[in-house]
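The residues making up each chain are set out below.
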Amino acid sequence: MFRDFSAQALFMGLLTAFVGFASSFAVVLHGLIGVGATEAQAASGLMALSVSMGLCAIVLSVATRLPVSIAWSTPGAALLATSGAIEGGFSTAVGGFIICALLIVIAGLWKPLGRMVAAIPATLANAMLAGVLIGLCFAPVKAIAFDPLLGLPIVLAWAIVGSINRLYAVPAALVAFIAVLAFGVDIPDGALSGLAASLLPKPELVAPFFTMAGLIGIALPLFIVTMASQNIPGIAVLKVNGYEPKPGPLFAVTGAFSLLSAPFGGHAVNLAAITAAMCAGSDAHPDPAKRYWAAINAGVFYVIFGLAAGAVTAFVALAPPILIQAVAGLALISAFAASALNAFREPEGREAAAVTFLVTASGVSFLGISGAFWGLLAGGLMLGLAHLMARRRR
């Protein structure tokens, strides 16, 4: 195994971990705080997710000798951000995280549940995801309206660097955010003194609280979004690059690591899609049989980045919230574009997709349950009604 190690795989692993962490940690923090986490709990959740996905990548890549990249559920975090505070607070959200993790394990071990998820019409799943993401995608515009001198540099860095290489667009926006924070934001005296203390990892255990609202409003939408937009595409990326993984065991293991991170505030880890292509492609190593080391190295660096999550969270908290939301929104624009395109691609299901998108994007909750669930339900009923009427016409 160690004979397969290479400097090329080491560099690609570092790049993968940096891109994966830097491009979406803002979404994770915003999502956890959105469902009631304190700053300390959000830092704990970010740390738990990063460490869990690093260890999961190492375990799966060593066991399978495949470049299995792991990520946190970025669409899931966006879902949390739009769900809003839930009755019972963050403890209820953590209960939902645990149920979601168990569902992912079951989906990997029990094929009927996996088939049920796969049977959800892709148009509706994409419409729900687009509805979840659109609110955060407005944040860059709102940041410019809030203060052009603060918001515009972040957006310009993303646009200019992205026109050269899309992979580095969000990290460039993050660098611009740091520069804006350092030179454009008045930081109170003594605010930086806490950064040194925050370098020490401080996991915070959260007692879960299980409610029906947590199940329907958090667990089920989070499970569907994670499986449909992360796990299933992650398998597809591996197959495109010539690998033939067994999906079930991979899903089950990611669910197990999600279960380990949930009590510390982590919402879900899953197979990566975008960063999976980095580790599985020829840039990781000319020999496909040796590319698994890129995923192992990425896992190591994820663990290292995760241990610094407290300092990252403390630093981000010094800025106006709209600025870090802008970075999060920029990170999700490509995902929104792809999901919206796939949602409205087929004319037959366009109205049902539109209903799903609009109900989800409205952000309205009924009975304490987020709009994502109601959007998927409304779109499903609309699609079922359309099929029923089509049969009667025959």
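About the criteria used
- Residues numbered from 1 in each chain as written.
- Predicted model: local features only at pLDDT ≥ 70, side-chain atom pairs only at ≥ 80, totals over all residues.
- Heavy atoms only, no water.
- Helix = DSSP H or I, 4+ residues; strand = E, 2+ residues; numbered from the N terminus.
- Contact = heavy atoms within 4.5 Å.
- Axes fitted to C-alpha atoms, helices over the stretch in contact; angles between N-to-C directions.
- Parallel < 35°, antiparallel > 145°, perpendicular 65-115°, else oblique.
- Left-handed = near helix turned anticlockwise from the far one by under 90°.
- Nonpolar A, V, L, I, M, F, W, Y, C, P; charged D, E, K, R; others polar.
- Expected span 1.5 Å × (residues − 1).
- Buried < 20%, exposed > 50% of the residue type's maximum accessible area, 1.4 Å probe, protein only.
- Patch = residues over 30% accessible without salt bridge, like charges linked within 9 Å, V, L, I, M, F, W, Y side chains within 5 Å.
- Areas by Shrake-Rupley, 256 points an atom, 1.4 Å probe, with all protein chains shown as cover.
- Salt bridge = Lys/Arg side-chain N within 4 Å of Asp/Glu carboxyl O.
- Core = buried A, V, L, I, M, F, W, Y, C linked by side-chain atoms within 4.5 Å.
- 1 Å grid on protein atoms, 1.4 Å probe; cavity = no way out; pocket = protein on both sides within 12 Å on 5 of 7 lines; lining within 4 Å.
- Points joined across faces, edges and corners; volume = space filled by probe spheres on them.
- Arc of directions from axis to C-beta.
- Polar contact = N/O pair within 3.5 Å; in protein donor to acceptor, adjacent residues only side chain to side chain.

When you look at the side chain of Thr74 in this model, what are you seeing that I'm missing?
Assignment of secondary structure puts Thr74 in helix α4 (residues 74-83). Contact partners of Thr74, with chain neighbours within four places excluded, come to Ser24, Val27, Gln230 and Leu332.

I tried to follow the packing of helix α9 (residues 148-164) against helix α10 (residues 169-184) on my own but got confused; where do I start?
Working note: a packed helix pair is described by the angle between its axes plus the distance between those axes. At a minimum axis separation of 8 Å, α9 and α10 run at an interaxial angle of 155 degrees. When the interaxial angle is binned, α9 and α10 end up roughly antiparallel. Note that α9 runs across α10; the crossing there is right-handed. Of the residues in α10, those in contact with Leu150, Pro153, Ile154, Ala157, Trp158, Val161 and Gly162 of α9 are Ala169, Val170, Ala172, Ala173, Ala176, Phe177, Val180 and Gly184. The class makeup of the residues in the contact of α9 with α10 is 13 nonpolar, two polar and no charged.

I tried to follow helix α13 (residues 247-261) on my own but got confused; where do I start?
Owing to its 3.6 residues per turn, the α-helix brings residues three or four apart onto one side. A rise of 1.5 Å per residue sets the reference length of α13, with its 15 residues, at 21 Å; its end C-alpha atoms lie 21 Å apart and thus fit the reference within 8%. When α13 is considered as a whole, its buried residues turn out to be Gly248, Leu250, Phe251, Ala252, Thr254, Gly255, Phe257, Ser258 and Ser261. Elements that come into contact with the buried residues of α13 comprise α3 (39-64), β1 (70-72), α5 (90-109), α12 (212-240) and β2 (269-271).

Hey, could you run me through a nonpolar patch on the surface in this one?
Together, Leu102, Ile106, Trp110 and Leu259 line one region of the surface with nonpolar side chains, adding up to about 360 Å² of accessible area. Tracing the backbone shows Leu102 in helix α5. Judged by its relative accessible area of 40%, Leu102 falls in the partly exposed class.

Got a minute to help me understand the packing of α5 against α13 in this structure?
Put simply, α5 and α13 touch, their axes get as near as 7 Å, and they point 160 degrees apart. With respect to their mutual orientation, α5 and α13 come out roughly antiparallel. For α5 against α13, the interelement crossing comes out left-handed. Contacts from Ile98, Ala101, Leu102, Ile104, Val105, Gly108 and Leu109 in α5 reach Gly248, Pro249, Phe251, Ala252, Thr254, Gly255, Ala256, Ser258 and Leu259 in α13.

Help me understand the nonpolar core in this model?
Taken as a class, soluble globular proteins show a tendency for nonpolar side chains to be buried jointly. Formed by 98 residues in total, the largest nonpolar core has its most connected members in Ile70, Phe90, Phe97, Ile154, Phe177, Phe223 and Leu323. Ranked by size, the runner-up nonpolar core spans twelve residues in total, among them Cys279, Ala284, Tyr292 and Ile296.

Would you mind going over the layout of surface pockets with me for this structure?
Approximately 280 Å³ is the volume attributed to the second largest pocket. Lining of the second largest pocket is provided by eleven residues; of these, Met116, Ile120, Leu220, Ile224 and Leu376 occupy positions nearest its centre. Counting residues per element, the ones that place at least two in the lining of the second largest pocket are α6 (111-119), α12 and α19 (371-393). In terms of residue count, α12 provides more of the lining of the second largest pocket than any other element does, four residues in total.

Please explain α9 as it appears in this structure.
Compared with an ideal rise of 1.5 Å per residue, which puts 17 residues at 24 Å, α9 spans 24 Å between its outermost C-alpha atoms and is within 8% of the ideal. Inspection of α9 places Leu150, Gly151, Ile154, Val155, Ala157 and Gly162 among the buried residues, and these make up the whole buried set. Projected onto a plane normal to the axis of α9, the buried residues spread over an arc of 150 degrees and lie on a single side. Opposite its buried face, α9 presents the exposed residues Leu149, Ile160, Ser163 and Ile164, each directed more than 90 degrees away. Contact partners of the buried residues in α9: α8 (139-146), α10 and α17 (321-343). Put simply, Asp147 is the residue that caps the front of α9, since its side-chain oxygen is 3.0 Å from the backbone nitrogen of Leu149.

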